[in-house]
Amino acid sequence: MKRFLHSKFNALDPYDTSGELESMNGGYIRLNTNESPFELSEKVMSNAGEAARALNFYSDPDCTRLREKLSGLMQVNPSEIVFGNGSDEILNFIFMAFCEHGAAFPDIAYSFYKILAKFHGVDFLTVPLDENFRTNPDDYKNFNERTIIITNPNAPTGIFLELKDVEKIINQNPDSLIIIDEAYIDFGDGSAKNLIHKYKNLIVVRTFSKSRSMAGARLGWCMTCEEIARDMNNIKNTITPYNINAMTQAVALAVLEDEESTQKNIDTIKKIRDDTKNKLREIGFEVLDSSANFLFARHEKISGEEIFEALKRKKIMIRHFSRPERISNFNRITIGTPEQMKIFLEAIKGVVSE
Ligand code: PMP
């Protein structure tokens, strides 16, 4: 028992950020958090400076200019968008408000779902990926109004689920709300976003943290039918009306005005990803086919933990998962700049040949 803490919070299970903190402070090459290695342009950054001048005023609670710009780019109506302080906040709203009948998600998926489900007392079940780490849409049936969450491309595997299979899951579950977490979709293809006009039980979640180089600014959003968007915005306006700060809004607007740079960065990452995959395969790694900005790989002879520790000693941080058991020999490697990946490949070749 804690003295002042509400008893419902006695057994919290917070997200583990220790790897992030260590890599931030220790002079590491950070290939562990799926950020973009590319800085924002000078022009974009000058917008943040401009916005800083007006920080004496509250930020626009509706993100009006950003909403209009994004709605044009995404071809959805402004009223079909909800903004969050990172897509983590959008996911929090979802677990808080749209999971009364429970939740279901793959056994290997973004670890935050489980944490949020536990926090909000949501009854959840996990659906095993098949032996090739793929989602089988036939496993998503008879869920009786349970909210279904699919990460696409999946994390940490990077595997993409074809849009026809996403649609199959939606069709098989007309009484469930379906969440497609598309944090990494810009590095693959086949967004479900256009389906929000066809199905009224769909939320497509996105973020500015990955392809748009804005992880530190904390901006996520989702696209959904007007009714769900209104409910979510009501929740947002009840607990955190000014959730998107003014600098973030200004920077995001400038980023969206320069889609060319974003696209160039995406193309570069995809190219390095595919080169790195081939090079890792040449030195005995099994590497899953990734549609994201990271690779998921295990070596035929050396354990995942050993590889992780050896690279860490060489000041390169990748992400190791000790659980669940069947991915404990894999590591997730974020794609960095060409220079960083050159250092990484040299280092990992050394580890393999030692
Ligand atoms: N979804 C997935 C699948 C992720 O990997 C992440 C980032 N770790 C998020 C959502 C949350 O990202 P953010 O809050 O930075 O938008």
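Our subject is the structure listed above.
Residues numbered from 1 in each chain as written. Predicted model: local features only at pLDDT ≥ 70, side-chain atom pairs only at ≥ 80, totals over all residues. Heavy atoms only, no water.

### As for helix α7 (residues 226-239)
Stated formally: Segments assigned H or I by DSSP are reported as helices when at least four residues long, segments assigned E as strands when at least two residues long, and all are numbered from the N terminus. For a helix, the expected span equals 1.5 Å multiplied by the number of residues minus one. Only protein chains enter the accessibility calculation, which uses a 1.4 Å probe; a residue is then buried when its area is under 20% of its type maximum, exposed when over 50%, and partly exposed in between. As used here, the arc is the angular range of directions from the helix axis to the C-beta atoms. For this analysis, residues touch if any pair of their heavy atoms sits within 4.5 Å.
Taking 1.5 Å as the rise per residue, α7 with 14 residues should run 20 Å; its terminal C-alpha atoms sit 20 Å apart, in good agreement. Taken together, the buried positions of α7 are I228, A229, M232, N233, I235 and K236. Looking straight down α7, one finds that the buried residues subtend no more than 155 degrees of arc, so they occupy a single side. Of the exposed residues in α7, the ones pointing more than 90 degrees away from its buried face are E227 and T238. Tucked inside the fold, the buried residues of α7 contact α3 (64-74), β2 (81-84), α4 (87-97), β7 (202-207) and β8 (220-224).

### Let's talk about the state of the cysteines
To be explicit about the condition: Two cysteine sulfurs form what is called a disulfide whenever their separation falls within 2.5 Å.
According to the stated counting rule, one finds zero disulfides in the structure shown. Left without a disulfide partner, C63 is nearest to the cysteine sulfur of C222, which lies 12 Å away.

### Things to note about the packing of aromatic side chains
One pair of aromatic rings is described through two measures. These are the centre distance and the angle between the planes. Our working rule: By convention, a stacked pair of Phe, Tyr or Trp rings (six-membered ring in the case of Trp) has centres within 6.5 Å and planes under 30 degrees apart, an edge-to-face pair has planes over 60 apart, and any other such pair is tilted. Two thresholds decide whether a charge sits over a ring: the Lys NZ or Arg CZ must be within 6 Å of the ring centre and within 35 degrees of the ring normal.
Per the stated rule, a full pass over the model turns up 16 aromatic pairs. With a centroid separation of 6.4 Å and an interplanar angle of 25 degrees, the aromatic rings of F95 and Y113 are classed as stacked. Remark: Y113 occurs in helix α5 (residues 112-119) and F95 occurs in helix α4; sequence separation between them is 18 residues. Accessibility assignment for this pair places F95 and Y113 in one class, buried. When the ring of F296 is compared with that of F330, the centres are 4.5 Å apart and the planes differ by 10 degrees; the resulting orientation is stacked. Of this pair, F296 sits in strand β10 (residues 294-299) while F330 sits in the loop between β12 (319-320) and β13 (331-334); the two residues are 34 residues apart in sequence, bridging distant segments of the chain. Among the residues examined, F296 registers a relative accessible area of 0% and is labelled buried. Judged by its relative accessible area of 0%, F330 falls in the buried class. A network of ring pairs unites the aromatic residues Y15, F95, F105, Y110, F112, Y113 and F124 as a single cluster. Of note, R212 hangs over the ring of F208, and the distance from its end group to the ring centre comes to 5.7 Å.

### Quick notes on the layout of surface pockets
Defined as follows: Definitions used for this entry: grid spacing 1 Å over protein atoms alone; cavity, a set of points where a 1.4 Å probe fits but cannot get out; pocket, an open set with protein on both sides within 12 Å along at least 5 of 7 lines; lining residue, one with an atom within 4 Å of a point. Grid points are joined across faces, edges and corners, and a volume is the space filled by probe spheres set on the points. Classification convention: Asp, Glu, Lys, Arg as charged; Ala, Val, Leu, Ile, Met, Phe, Trp, Tyr, Cys, Pro as nonpolar; all other residues, Gly among them, as polar.
Estimated volume of the largest pocket: approximately 910 Å³. Its residues assigned to classes, the lining of the largest pocket comprises 16 nonpolar, eight polar and 10 charged. What the second largest pocket holds in volume is close to 670 Å³. Taken together, 30 residues line the second largest pocket, and the ones lying closest to its centre are Y15, E20, T33, Y110 and K210. It is helix α1 (residues 18-25) that provides the largest number of residues to the lining of the second largest pocket, a total of three residues. Residues of the lining of the second largest pocket, tallied by class, amount to 11 nonpolar, 10 polar and nine charged.

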